[in-house]
Amino acid sequence: MMVSTVPTMAAETAHLSIDASKTGAKIDRNLFGQFAENLGNGLYGGIWVGPDSTIPNTRGIRNDVVGALKALKVPNVRWPGGCFADQYHWRKGIGPAAQRPATLNSAWGGVVDTNGFGTDEFMDFMQQIGSQPYVSVNIGSGTPQEASEWLEYMTAAAPTALAKERAANGHPDAYQVGFMGIGNESWDCGGEMTADYYVSQLKIYSRFVNDVNPAQQGKNQMLKIAVGPGVPETDWTETVMKAWQHHNWAWDFNGLSVHWYTTPNGWPPSTPSTGFGIDEYTKILKSTLFMDEFLRKQEVVMDRYDPQKKVALVVDEWGAWHAPLPGTNKDFLFQQNSLRDAVLAALNLNIFARHADRVRMANIAQMVNVLQAMILTEKEKMVLTPTYYVYKMYLPFQDAALIPVDFDPGTIHRDGVTLPRVDAIAAKDASGKLWIEITNIDPDKPAEIEAAISGIVFKSAKGETLTAPAVDSINTFAAPNTVVPKPILATVKDGRLTLSVEPKSVTVLSLEP
Ligand code: AHR
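Residues numbered from 1 in each chain as written. Predicted model: local features only at pLDDT ≥ 70, side-chain atom pairs only at ≥ 80, totals over all residues. Heavy atoms only, no water.

A. Structural detail: helix H5 (residues 195-208). Along its 14 residues, H5 runs 20 Å from first to last C-alpha, staying within 8% of the 20 Å computed at 1.5 Å per residue. Taken residue by residue, H5 has Ala195, Tyr198, Val199, Gln201, Leu202, Tyr205 and Ser206 as its buried positions. Projected onto a plane normal to the axis of H5, the buried residues spread over an arc of 165 degrees and lie on a single side. (Helix = DSSP H or I, 4+ residues; strand = E, 2+ residues; numbered from the N terminus. Expected span 1.5 Å × (residues − 1). Buried < 20%, exposed > 50% of the residue type's maximum accessible area, 1.4 Å probe, protein only. Arc of directions from axis to C-beta.)

Structure follows, in structure tokens:
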């Protein structure tokens, strides 16, 4: 029998100590990347409605979704998958819409795909939201030639046949591709390869699939991302990094991708995304904190083969993967998004920030209507999720320099689960302003924060906090403002910052000169 500890509501004090003169690694803005797979209503309906839709759109792409995403300054978007990537044949998604073949999306529910959202539409979407493309090339059912021609179609500036074809499709200027993933989960849905076989493929694709845009040679080059593991064990990483250590001029990669979802009950994911209590909240947060150990294990191996940290660790799929919302197509991975998910997002972003010397890119799964989404849509309606607001609040951390925070997080015990009470990170932005994030994990008690801050002159503090009445509070089309940030008061005196943060909350503050 589970014994529930009866909580008292008295606040606990957390003491933080920050020396703003001690700057650490850059929190790369690419840690705030997103993932938009051709899955369920992630693209179709969520982003793409087509130019003839009654839903306001620009060249077929929803204006409301673009507006919301623009405000997040999304640094990069991974597309077209995921598992879908290794069945995607790019030629089916270019040219006049009426001539594109209908295909089956056999990765996700076997639904008919019109191919209306293809390469040029993705690039248009990137330009509309101001983000960098991260394309995953098909190494499962495709060929090096197909992938190489795709990159040439996108990036050739010289008048090659493929560049002319792109121009004939309305896009004379060569696109820039920020990142290219070489396969996806190649140990599973991407072809169930062994690590050694994958390395052979990796060498070939790395050698022959290139961004040929003259503007992207040298410093601005497209970064190549190799497949890494989706389990804490490190054998795959060992094989790939060992090969990398001995790579020659003919091939290389710049990042190793890992996937780690929060699924505390194992597989298939079964945690509900609505209507749960504090026991589910604590269990999931405990599980999500494993991300730190997961990354450490991979870093130990990477450090051995790459002590200079040239290869980035790229967490290009992560987030809470819950049971599909009852009544929805289970293959569409549609779930609601609660205050719990917002706290979970903050804890993971803080872990990434603390690993910023190696973890330089991450992509939450996924952007719209799939898994831990930023945005949910239904026909013409749109709602921003609690996770969206965390990303908005964390904007100042993009490319800021990490500042270490010394603190005793304390502990909470609930239903047999022990968790830290609070979490915090700090960073200095390009203008020299100090930003502090505090997560109060405790579902019941506020936390009194007392921060001793040196190395910077400040007179006041201002910020926002995100919380809601319950751990399972959500935003809906009918009530979109249940979980939205609100201003928070903080006191500054003699280099000390004091404030009270509410239970189950995410708070971001700046210190003002
Ligand atoms: O994000 C959903 C799926 O999870 C992706 O397609 C796959 O890469 C992973 O297993």
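B. Spotlight on the sheet that holds strand E9 (residues 179-182). One closed barrel accounts for eight strands, arranged E2-E5-E8-E9-E10-E11-E12-E13; its pairing is parallel. Neighbour-to-neighbour, the strand axes of this sheet turn through a mean angle of 25 degrees, independent of strand direction. Pairing between E9 and strand E10 (residues 223-227): four bridges, direction parallel. Counted as the bridge partner of Met180 is Lys224 from E10. Strands in contact with helix H2 (residues 119-129) are strand E5 (76-79) and strand E8 (132-137); relative to E8, the strand with the most contacts, it is inclined by about 150 degrees. (Pairing = 2+ DSSP bridges. Axes fitted to C-alpha atoms, helices over the stretch in contact; angles between N-to-C directions. Contact = heavy atoms within 4.5 Å.)

C. Representation of the confidence of the model for the protein within the structure. Averaged over all residues, the pLDDT of the protein equals 96, while 98% of them reach at least 70. When mean pLDDT is compared element by element in the protein, helix H10 (residues 386-393) scores highest at 99, while strand E18 (residues 411-414) scores lowest at 94. Note that pLDDT drops below 50 for residues 1-8; the model gives that stretch nine contacts with residues more than four away or on any other chain. (pLDDT = per-residue confidence, 0-100.)

D. Fine view of the pattern of salt bridges. With the rule as written, the count across this model stands at 25 salt bridges. Of the charged contacts, one joins Glu12 and Lys445 as a salt bridge, the two residues approaching to 3.3 Å between their closest N and O atoms. Here Lys445 lies in the loop between strand E21 (434-440) and strand E22 (447-454) and Glu12 lies in strand E1 (residues 12-19), a separation of 433 residues in the sequence. Here Lys445 falls in the buried class, since its relative accessible area comes to 13%. (Salt bridge = Lys/Arg side-chain N within 4 Å of Asp/Glu carboxyl O.)

E. Broad picture of the sheet that holds strand E26 (residues 496-501). If you trace the five strands from one edge of the open sheet to the other, you get E17-E1-E22-E26-E25, paired in mixed fashion. Single-partner strands in this sheet number two, and they are strand E17 (405-407) and strand E25 (491-493). Sheet twist, expressed as the mean angle between neighbouring strand axes with direction ignored, is 20 degrees. Pairing analysis gives eight bridges linking E1 to E22, with the strands arranged parallel. Pairing of Ile18 across the sheet is with Ile453, part of E22.

F. Molecular detail of H10. Of all eight residues making up H10, seven are buried, and the element is well covered by its neighbours. Among the residues of H10, Pro386, Thr387, Tyr388, Tyr389, Val390, Tyr391 and Met393 are the ones counted as buried.

G. How the structure looks around the site of the ligand. Taken together, 13 residues are adjacent to the ligand, and Glu37, Cys83, Glu185, Tyr261 and Glu317 come closest. Between the ligand and the protein, one listed contact pairs an oxygen atom with a side-chain N or O atom of Tyr261 at 2.8 Å. A distance of 2.7 Å separates an oxygen atom of the ligand from a polar side-chain atom of Glu317. Coverage of the ligand by the protein chains reaches 93% of its 290 Å² of free accessible surface. Looking at side-chain class alone, the shell around the ligand contains six nonpolar, four polar and three charged residues. (Near = heavy atom within 4 Å. Polar contact = N/O pair within 3.5 Å; in protein donor to acceptor, adjacent residues only side chain to side chain. Areas by Shrake-Rupley, 256 points an atom, 1.4 Å probe, with all protein chains shown as cover. Nonpolar A, V, L, I, M, F, W, Y, C, P; charged D, E, K, R; others polar.)

H. View of the pairing of E1. Pairing analysis gives three bridges linking E1 to E17, with the strands arranged antiparallel. Within the sheet, the bridge partner assigned to Ser17 lies in E17 and is Asp406.

I. Quick look at the packing of aromatic side chains. Throughout the structure, instances matching the rule amount to 21 aromatic pairs. Ring geometry for Trp79 against Phe117: centres 6.1 Å apart, planes inclined by 80 degrees, an arrangement best described as edge-to-face. Taken together, the positions of Trp79 in strand E5 and Phe117 in the loop between strand E7 (111-113) and H2 put the pair 38 residues apart, joining distant regions of the chain. Assessed through its relative accessible area of 1%, Trp79 is described here as buried. Residue class for Phe117 comes out buried when judged on its relative accessible area of 4%. Aromatic pair Tyr394 and Phe397: ring centres 5.3 Å apart, planes at 45 degrees, arrangement tilted. Grouping residues by exposure puts Tyr394 and Phe397 together as buried. Grouped by ring-pair contacts, the aromatic residues Trp48, Trp79, Phe84, Tyr88, Phe117, Phe122, Phe125 and Trp150 constitute a single cluster. (Phe/Tyr/Trp six-rings, centres within 6.5 Å; stacked < 30°, edge-to-face > 60°.)

J. Structural detail: the environment of Glu450. Its location among the elements puts Glu450 in strand E22. With a relative accessible area of 30%, Glu450 lands in the partly exposed category. Between the alpha carbons of Glu450 and Gly24 there is a distance of 22 Å; along the sequence they are 426 residues apart. Aside from chain neighbours lying at most four places away, what touches Glu450 is Thr13, Ala14, His15, Leu16, Arg496, Leu497 and Thr498.

K. Main features of the packing of helix H7 (residues 278-288) against helix H9 (residues 339-354). Contact geometry for H7 and H9: axes closest at 10 Å, N-to-C directions at 20 degrees. By the criterion of interaxial angle, the relationship of H7 to H9 is roughly parallel. The handedness of the crossing between H7 and H9 comes out as right-handed. Of H9, the residues touching H7 (which contributes Glu280, Tyr281, Ile284, Leu285 and Thr288) are Arg340, Val343, Leu344, Leu347, Asn348 and Ile351. (Parallel < 35°, antiparallel > 145°, perpendicular 65-115°, else oblique. Left-handed = near helix turned anticlockwise from the far one by under 90°.)

L. Main features of the state of the cysteines. Under the definition given, this model contains one disulfide. Two residues share a disulfide in this structure: Cys83 and Cys189, whose sulfurs sit 2.2 Å from each other. Residues Cys83 and Cys189 share a disulfide whose torsion about the S-S bond is about -90 degrees; that sign makes it left-handed. Placement of the pair is Cys83 in the loop between E5 and strand E6 (103-105) and Cys189 in the loop between E9 and H5, with a sequence separation of 106 residues. (Disulfide = S-S within 2.5 Å.)

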